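Take a look at the letters that make up each chain.
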Amino acid sequence: MAPDTNRPLQAEAVAITGRAPEVGAGCALTATDRFAPCTIVIFGATGDLAHRKLIPALYNLFCNHGLPEPITIVGCGRTALDHAAFRATLHESLAREGTTDFDCWPEFAASLHYQTMAYDAAVDYEKLGHFLADLDRSRPTGGNRIFYLAVPPALYSPIAAHLGQAGLAKEGPSADNGWARIVVEKPFGRDLDSATTLDRVLHANFQEHQIFRIDHYLAKETVQNILMLRFANAIFEPLWNRGYIDYVGIVAAEKLGIEHRAGYYEEAGIIRDMFQNHMMQLLALTALEPPSHFEAARVQDEKGKVFRSLKPFEVEHWPENLILGQYGPGIIDGRPVPGYRDEPGVRPGSATPTFAVMRLFIDNWRWRGVPFYLASGKRLARKESRIVIQFKNVPHSMFRNVLVEAIAANRLVLGIHPQEEISLTFQTKNPGDRECLRPVTMRFNYYQGYQGPALAAYEKVLLDCIGGDHLLFWRQDGVELTWSFLSPILEVCEVCSMTDQRLHTYPAGGYGPAAAHPWMRLLMDEK
Ligand code: BG6
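Predicted, not measured: the structure shown is a model, and the values here were computed from it.

Visitor: Quick one: what's the story with the state of the cysteines, residue by residue and with numbers?
Guide: One pass over the full model with this rule turns up one disulfide. One disulfide bridge connects Cys 63 with Cys 104, the sulfur atoms lying 2.1 Å from each other. Here the S-S torsion is close to 100°, and the disulfide linking Cys 63 with Cys 104 is therefore right-handed. A residue pair is termed long-range when its members are at least 10 positions apart, and Cys 63 in helix H2 (residues 48-63) and Cys 104 in the loop between helix H3 (83-96) and helix H4 (105-109) qualify at 41 residues.

Visitor: Mind laying out the site of the ligand, listing which residues take part and the relevant values?
Guide: All residues adjacent to the ligand are Lys 186, His 216, Tyr 217, Lys 220, Glu 254, Arg 261, Asp 273, Met 274, His 278, Lys 378 and Lys 383. In the environment of the ligand, an oxygen atom lies 3.0 Å from a nitrogen or oxygen atom belonging to the side chain of Lys 186. Note that an oxygen atom of the ligand is positioned 2.8 Å from one of the side-chain N or O atoms of His 216. Calculation on the ligand without its partners gives an accessible area of 400 Å², and the protein chains cover 82% of this total. Split by residue class, the shell around the ligand holds two nonpolar, two polar and seven charged.

Visitor: Got a sec to walk through a nonpolar patch on the surface? Specific residues and values, please.
Guide: A surface patch of nonpolar side chains, amounting to about 310 Å² of accessible area, comprises Met 398, Phe 399 and Val 402. Within the secondary structure layout, Val 402 lies in the loop between strand S13 (384-391) and strand S14 (411-417).

Visitor: Lay out the sheet that holds strand S18 (residues 503-507) with the relevant residues and their values.
Guide: With mixed pairing, the nine strands of this open sheet are ordered in space as S16-S15-S14-S13-S7-S12-S11-S8-S18. Each edge of the sheet is formed by a strand with only one pairing partner; in this case those strands are strand S16 (437-445) and S18. In this sheet, neighbouring strand axes are inclined to one another by 20° on average, regardless of whether the strands run parallel or antiparallel. Sheet topology note: the S13/S14 ladder contains six bridges and is antiparallel. From the neighbouring strand, Ile 387 faces S14, where its bridge partner is Leu 414. Against the sheet, helix H8 (residues 221-231) touches S13, S14 and strand S15 (421-429), its axis set at about 145° to S14. Seen against the sheet, helix H14 (residues 517-524) touches strand S7 (245-253), strand S8 (322-328), strand S11 (355-360), strand S12 (372-377), S13 and S14 and runs at an angle of roughly 95° to S7.

Visitor: Please provide a residue-by-residue account of H14, values included.
Guide: Within the sequence span of H14, burial applies to Trp 519, Met 520, Leu 523 and Met 524. The buried residues of H14 occupy an angular sector of 115° when the element is viewed end-on, so they sit on one face. One or two steps after H14, the chain reaches Asp 525, where phi turns positive at roughly 60°.

Visitor: Could you give an account of unusual backbone geometry, naming the residues involved and the relevant values?
Guide: For the bond from Glu 69 to Pro 70, the omega torsion is -10°, close enough to zero to count as cis. As for its position among the elements, Pro 70 is in the loop between H2 and strand S2 (71-77). In this structure, the amide linkage connecting Lys 186 to the following residue, Pro 187, adopts the cis form with an omega of 5°. Of note, Pro 187 is situated in the loop between strand S5 (180-185) and helix H7 (192-205). One non-glycine residue with positive phi stands out, namely Glu 259, at about 55°. Residue classification places Glu 259 among the partly exposed residues on the basis of a relative accessible area of 39%.

Visitor: Just give me the short version of the side chain of Gln 326, but keep the residues and values in it.
Guide: With respect to the helices and strands, the residue Gln 326 is situated in strand S8. In this structure Gln 326 comes out as buried when scored by relative accessible area, which is 2%. A distance of 2.9 Å separates the side chain of Gln 326 from the backbone oxygen of Ser 350, its partner in a polar contact. For Gln 326, the residues in contact, after removing those within four places along its chain, are Tyr 340, Arg 341, Ser 350, Ala 351, Thr 352, Thr 354, Leu 503, His 504, Thr 505 and Tyr 506.

Visitor: Pulling in residues and values, what's your account of the nonpolar core?
Guide: Core analysis: the biggest nonpolar cluster contains 115 residues, and Phe 43, Ile 271, Phe 275, Phe 372 and Leu 374 have the highest contact counts within it. Broken down by element, the residue count for this core peaks at 13 residues, all from helix H9 (residues 262-287). When sequence neighbours within four positions are dropped, the list of residues in contact with Phe 372 reads Val 248, Leu 283, Ala 287, Met 358, Arg 359, Leu 360, Ile 362 and Trp 367. Counting residues in hydrophobic clusters, the runner-up holds 43 residues, among them Cys 38, Ala 50, Ile 73 and Val 183.

Parameters at a glance
- Numbering of residues starts from 1 in every chain and runs along the sequence as written.
- The predicted nature of this model means local features are confined to residues of pLDDT at least 70 and side-chain atom pairs, given and counted, to a pLDDT of 80 or more, with totals for whole chains, interfaces and linings taken over all residues.
- Heavy atoms from the whole structure form the basis of all side-chain values; hydrogens and water molecules are not counted.
- Two cysteine sulfur atoms form a disulfide, by the criterion used here, when they sit within 2.5 Å.
- Starting at the N terminus, helices and strands are each numbered in turn, a helix being any DSSP run of H or I of at least four residues and a strand any DSSP run of E of at least two.
- For this purpose, a residue is taken to be near a molecule or strand whenever a single non-hydrogen atom of the residue falls within 4 Å of it.
- Any N or O atom pair separated by 3.5 Å or less is treated as a polar contact, with the protein-specific requirement of one donor-capable and one acceptor-capable atom, and with residues adjacent in sequence counted only for side-chain atom pairs.
- Accessibility throughout is a Shrake-Rupley quantity obtained with a 1.4 Å probe, and a residue counts as covered only by protein chains that appear here.
- Gly counts as polar in this scheme, as do all residues outside two lists: the nonpolar Ala, Val, Leu, Ile, Met, Phe, Trp, Tyr, Cys and Pro, and the charged Asp, Glu, Lys and Arg.
- Like-charged residues within 9 Å of one another, or nonpolar side chains (Val, Leu, Ile, Met, Phe, Trp, Tyr) within 5 Å, are grouped into patches, provided each residue has over 30% relative accessible area and no salt bridge.
- Counted as salt bridges are all cases of a side-chain nitrogen of Lys or Arg within 4 Å of a carboxyl oxygen of Asp or Glu.
- In this description, strands pair whenever DSSP reports at least two bridges between them.
- Only the contacting stretch of a helix is used when fitting its axis, a line to C-alpha atoms as for every element, and angles between N-to-C directions run 0 to 180 degrees.
- Should any heavy atoms of two residues lie within 4.5 Å, those residues are considered in contact.
- For every residue, the accessible area obtained with a 1.4 Å probe (protein chains only) is divided by the maximum for its type, and the residue is called buried under 20%, exposed over 50%, and partly exposed between those limits.
- What the arc describes is the spread of directions from the helix axis to the C-beta atoms.
- What makes a nonpolar core is a set of buried Ala, Val, Leu, Ile, Met, Phe, Trp, Tyr and Cys residues whose side-chain atoms join them at distances within 4.5 Å.

The values reported here are purely geometric and, on their own, carry no functional implication.
Set out below in structure tokens:
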């Protein structure tokens, strides 16, 4: 990924603020030009997430003047490295990830430092504190710090506790303490109990406003757009309810398998990996009531109401509402690929689901009785995340005397990724002397008519964290509500794994298990 150094982020800030006359109205003020200097401490700095996502995002932002001045980046890890060796490994990773322009590397590298640490040694956190204070004297950042936990989830609690004990979570106006923030990535626990335990440790050391729980889906442009589409247009909202909508579909289909993550995936499975986080967020954004203001707390409140209104999953009737699958061998892009059980690191006979489609209901005034189909799976025919709003048929057809076929209902599809487009299908008259209708689709691509730069998801997440904006992050009540909704489904998965029953095998490269095809047809436009 080459940083596009021609795309000045300051200019972007102007574009987003709407202060540039050519952009016009409709843009909110961003915090880009109000960011305070800070230090970003990355735990797990020698790991995959840091090298593949965080450092490329920071480098791009830095090259495009998108980060505050000064910025200090401190990598922490168990591997013994000095600053120079750390910088060299990051340079290599940037090149491997596709960066070709290293013009601003020398300046960026000057902001990079490394601290070797044992995560369970209190003394190392004290050393870290001293090191940060020393750095602050040469590059003053007002003691503002972000602690980014790019480490396995089992380390979240011990690191948070040690940061607290070392006084690094304290906020205050002293020279050594500005603000302090901690960033954790999903999974937030593996069930309700572990999520509340993790939260207790985080809250014993940090306050809620200091905690940033990342879900990278929320930073996708197309996901951010859901609220804009719904509440900045008058034409959709009056129809956005049980009176006009037949069903809603939310899909995250992937061609990839589990890659090299068997250790993690065997424990997680599709429900913990995709549903407890990304799918639930897409559901909430699609279903929520208009928040009173476009601000984090108000949006989170409305999401919470959706989660609270989810009709509890009836385990006795689960086969009617849930289909679980696991990929077998198959063909992807013309290449044979192994089945899940043959992936390196997967237990022989594993019954971990890699596919799920569920039908659920939201018991509230707006949605009562409307089925929401949520589907996600690995090794499917194509990569596509989308939200389908299927409208009801016209109540009465005045064309019934002349038309043989029923009139297909309207359909709105919000493409999330990689098809970043909105499409609306409606009926028109076929040109010519015969009376017949045909469905046509109007398409809008998000980048149509837009010349400016776009932020990659991790760039957006990092900037929001620096700016202290929680809008695109999870709040703990949402985490707990979704775990509790999904608990019975996780129990079904456990039973499946013990008995291997009801876990349908599907060939890689298709649309999931045959039993799921009727639902998948509703969602994927496949015949
Ligand atoms: C991650 C999951 O959170 O999201 C992965 O752990 C999944 O298993 C990925 O592949 C999908 O993200 P995206 O942005 O490619 O749809």
